[in-house]
Amino acid sequence: MAMTEKFGSQAYDEEMFFSQFMRRRYRTDSPNISIETPAILDLIGRPTGKSVLDIGCGDASIGIHLLGQGCLSYLGIEGSQNMFDEAIRVLEGSKGKIELCSMEEYAYPPEAFDLVISQLVVHYSSDVDALFSSIFKTLKPEGRFVFSLQHPLLTSSFKSTLEGKKRNDWIVDDYFHSGRRVENWMGQKVVKYHRTTGEYFAALSNAGFKINHLMEPEPDPAYFSNQEEYLRRMRIPLFLAFSCTK
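Once a new chain begins, its residue numbering starts again from 1 and follows that chain's sequence as written. pLDDT decides what is reported in this predicted model: residues at 70 or higher carry local features, side-chain atom pairs at 80 or more are listed and counted, and totals for whole chains, interfaces and linings draw on all residues regardless. Only hydrogens and water are removed before side-chain values are computed, so all heavy atoms of the structure are retained for them.

**Q** Explain the packing of aromatic side chains here, please?
**A** Centre distance and the angle of the planes are the two values used to describe a pair of aromatic rings. Pairs were defined over the aromatic rings of Phe, Tyr and Trp, the Trp ring being its six-membered one, requiring ring centres within 6.5 Å. Orientation was assigned from the angle between planes: stacked under 30 degrees, edge-to-face over 60, tilted for the rest. In total, this model carries eleven aromatic pairs according to the counting rule given. Considering the side-chain rings of F132 and F147, the 5.7 Å spacing of their centres and the 50° angle between planes classify their relative orientation as tilted. Residue F132 is found in helix 5 (residues 128-138), and its partner F147 is found in strand 6 (residues 139-150); the two are separated by 15 residues along the sequence. Comparing F132 with F147, the two get one shared label, buried. Comment: the charge-over-ring label is applied if NZ (Lys) or CZ (Arg) is within 6 Å of the ring centre and within 35 degrees of the ring normal. In this structure, R25 is placed above the aromatic ring of Y26, and the distance from its NZ or CZ to the ring centre is 5.0 Å. Positioned over the ring face of F136 is K246, at 5.0 Å from the centre of the ring. Helix and strand labels come from DSSP, where a helix needs a run of H or I of at least four residues and a strand needs a run of E of at least two; each type is numbered from the N terminus. With a 1.4 Å probe rolled over the protein chains alone, any residue whose accessible area is under 20% of its type maximum counts as buried; one over 50% counts as exposed, and the rest are partly exposed.

**Q** Is there a simple way to think about the pairing of strand 3 (residues 73-78) in this case?
**A** The side chains of a regular strand alternate between the sheet's two faces. For strand 3, the tally of buried residues reaches five of six residues, placing the bulk of the element in the interior. We call two strands paired when DSSP finds no fewer than two bridges between them. Relative to strand 3, strand 2 (residues 51-55) runs parallel, the two being bridged by five bridges. Bridge pairing in strand 3 links L53 to L75. Considered for its hand, the β-α-β crossover made up of strand 2, helix 3 (residues 61-68) and strand 3 is right-handed. Looking at chain direction, strand 3 and strand 4 (residues 97-100) are connected through four bridges and run parallel. What sits directly across from L75, in strand 4, is K97. By the criterion used throughout, a crossover qualifies as right-handed when its path from the first strand across the helix to the second strand runs clockwise, the strands pointing away from the viewer. On the question of chirality, the crossover connecting strand 3 to the parallel strand 4 by way of helix 4 (residues 81-90) is right-handed.

**Q** Explain the pairing of strand 10 (residues 239-245) here, please?
**A** Summarising burial for strand 10: seven of the seven residues are buried, a large majority. Here strand 10 shows no split at all, with F239, A241, S243 and T245 on one side and L240, F242 and C244 on the other all buried. Sheet topology places strand 9 (residues 210-215) next to strand 10; five bridges connect them, and they run antiparallel. Looking at the pairing, M215 lines up with A241 of strand 10.

**Q** Explanation requested: helix 7 (residues 197-207) in the structure shown.
**A** Counting along an α-helix, one turn takes 3.6 residues, and residues three or four places apart therefore face a common direction. For helix 7, the complete set of buried residues consists of T197, Y200, A203, L204 and A207. Projection of helix 7 onto a plane perpendicular to its axis shows the buried side chains occupying an angular sector of 130°, all on one side. On its buried face, helix 7 is in contact with helix 5, strand 6, helix 6 (152-155), strand 8 (188-194), strand 9 and strand 10. Note on helix 7: the residue one or two positions beyond its end, G208, has a positive phi of about 110°. To be clear, the arc concerns the directions from the helix axis to the C-beta atoms. Any two residues whose heavy atoms approach within 4.5 Å are treated as being in contact.

**Q** Before we go on, may I ask you to explain the packing of helix 2 (residues 31-44) against helix 3 in this structure?
**A** Angle between the axes and distance between the axes are the two parameters that describe a pair of packed helices. It is the contact of helix 2 with helix 3, at a shortest axis distance of 12 Å, that shows an interaxial angle of 40°. Relative to helix 3, the element helix 2 lies oblique. Pair helix 2 / helix 3 crosses with right-handed handedness. Here helix 2 contributes I40, L41 and I44 to the contact with helix 3, which in turn contributes I62, H65 and L66. Each axis is a line fitted through C-alpha atoms, taken for helices only over the stretch in contact, and angles between the N-to-C directions span 0 to 180 degrees. Each angle receives one of four descriptions, namely roughly parallel if under 35 degrees, roughly antiparallel if over 145, roughly perpendicular if within 65 to 115, and oblique otherwise. In this scheme the handedness of a crossing depends on how the near helix is turned from the far one: anticlockwise by less than a right angle means left-handed, clockwise means right-handed.

Laid out in structure tokens, this is it:
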């Protein structure tokens, strides 16, 4: 029986996938923790007094951190019931709030937030022009949009993906052919959308954003317990991150 393709957050509501993802997400030397999150926090800077919207918040781990750093309010939107439940647990006792809805379904109230963030979610969007326009609308004047995504060198082709094995070679193919891709990831067929770095830059500009920083986060040996894994992660960029102002 052929596997059903999973869009957006759908894969995270498959129990086996969710459990495996959470183990991978928090494993020793996870690139999410050792590379991506430090870069996003660096781009965010001090959140003191800021109202924050987190698109595709996952378990809201960055939310509890930002609340601890003094952000005025935190709202995470999440399309997966499993992730939503985990985020509720993480934020218990805090003033953080979570809404169960996809990034496409959210209402995006006008001029409501000082800061919109998103970690590794934008590459699931089939229409970033509409998404970026909605984010621009919901930011206050001079508000900021900080987000990361899977690097386009990786989303261009998933031919080098081998289940259960560490990749030591990466195939870059069809880079300038933007569009839908299907990745065989942890036993599921997960749909992502490939765009070039230039296309992301243009979409942000067309939405009205000023791009302040474009970052390909580089591994820092201080965040790795294993020298061999650090050197492997130095071979190719895994993430692309932007900081933009309305």
